[in-house]
Amino acid sequence: MHALADLPAPKASGIQYVLCDIDDTVTTDGRLTAQAYSAMQALHDAGIAVVPITGRPAGWCDHMARMWPVAAVVGENGAFYMHYDHAARKMHQRFWTDETTRQQNRHKLDGLAQTILAEVPGCALASDQPYRIADLAIDFCEDVDPLPESAVEQIVSLFVAAGATAKVSSIHVNGWFGQYDKLSMTRQLFLDLFDQNLQSTQDKTLFIGDSPNDAPMFGFFDLSVGVANVQTQRHRLTHLPKYVCEGSGGAGFAEMADYVLSTR
């Protein structure tokens, strides 16, 4: 990983899309700071489309799409995207699977939740689970005492044994049934909303994140950036970001935004 300052200014100046993880990338210690939100607003005001790509639930994503200075939101690790048309006052959303499949998967996930809670002492359903549609989030350090790495691995193994996909974030293990992730739904969003093939936007799209469920994005994008706390997740990452900020969390996100805007 290279320092953010090593990202060539001519490349930074051409960025038109900033895709960002939320937890511990835009947020700091679980909170959205004024610094990070102001950075997001500054990118938006400069004509750069900001798109959060998050593991957070549909209920939160509806709020973000409506209230934040963003073009759209990909949620629940790629289960859907939401785009709010402010002129028409209409929410547009697209799910990876149809409603019947989602209902069937929800039933299986609810049963799996009871198995995981019984077999892994100290874990809990994520506090945002009631607002989720397509996945199951198991908390291992957000609102519970941090669990050891062995417990996180056990949660992942229980998901996998049930035939589910499992991804580790900085706070949760998320599991779902379906062949999608953050990157696959981002591809779909770019086709639908921007009429762009994602591969063709490599020179004008930056992704910033911090955790293992961001690995597909780190691996795909030439302009991939980690906030400083990505260093704590190196042992879980299959792909590292190309560049890394000096600041952690929201301060790192603001550092990235300041650098991109300074080159324009």
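Here the structure is shown first, and the text comes after it.
Rules used in this analysis
- Counting restarts for each chain, with residues numbered from 1 along the sequence as it is written.
- Only residues with pLDDT of at least 70 get local features here, since the model is predicted, and only at 80 or more are side-chain atom pairs given and counted; chain-wide, interface and lining totals rely on the full set of residues.
- Think of the side-chain values as coming from all heavy atoms in the structure, minus any hydrogens and water.
- Pairing of aromatic side chains requires ring centres within 6.5 Å, counting the rings of Phe and Tyr and the six-membered ring of Trp. Pairs whose planes differ by under 30 degrees are stacked, by over 60 edge-to-face, and all others tilted.
- Put simply, DSSP marks the helices as runs of H or I at least four residues long and the strands as runs of E at least two long, and each gets a number from the N terminus on.
- Per-residue accessibility, obtained with a 1.4 Å probe over protein chains only, is compared with the maximum for each type, and a residue is labelled buried under 20%, exposed over 50%, and partly exposed between these values.
- We call a charge positioned over a ring when the NZ of a Lys or the CZ of an Arg lies within 6 Å of the ring centre and within 35 degrees of the ring normal.
- Think of a salt bridge as a Lys or Arg side-chain nitrogen and an Asp or Glu carboxyl oxygen that are within 4 Å of each other.

Colleague: I tried to follow the packing of aromatic side chains on my own but got confused; where do I start?
Modeller: The full count for this structure, using the stated rule, is nine aromatic pairs. Measuring from centroid to centroid gives 5.4 Å for Trp-176 and Tyr-180, while their planes differ by 15 degrees, and the two rings are stacked. Consider the rings of Phe-207 and Phe-218, whose centres lie 5.6 Å apart with planes at 65 degrees: the pair is edge-to-face. Residue Phe-207 is found in strand β13 (residues 205-209), and its partner Phe-218 is found in helix α7 (residues 215-220); the two are separated by 11 residues along the sequence. Of the two residues, Phe-207 and Phe-218, both sit in the buried class. One aromatic cluster is present, built from ring pairs that chain together Tyr-17, Phe-190 and Phe-194. Lying across the ring of Phe-95, Arg-102 places its NZ or CZ 3.9 Å from the centre. Between the NZ or CZ atom of Lys-108 and the centre of the ring of Phe-177, over which it lies, the distance is 4.1 Å.

Colleague: Before we go on, may I ask you to explain the pattern of salt bridges in this structure?
Modeller: For the structure on display, the rule yields 11 salt bridges. We note a salt bridge from Arg-132 to Asp-128, for which the minimum N-O separation is 3.0 Å. Taking the relative accessible area as the measure of exposure, Asp-128 reaches 1% and is therefore buried. Between Arg-132 and Asp-135 there is a salt bridge, with the nearest N and O atoms lying 2.9 Å from each other. Take Arg-132 and Asp-135: they sit in the same class, and that class is buried. It is possible to trace a salt-bridge network through shared partners that takes in Asp-23, Arg-56, Asp-128, Arg-132, Asp-135 and Glu-142.

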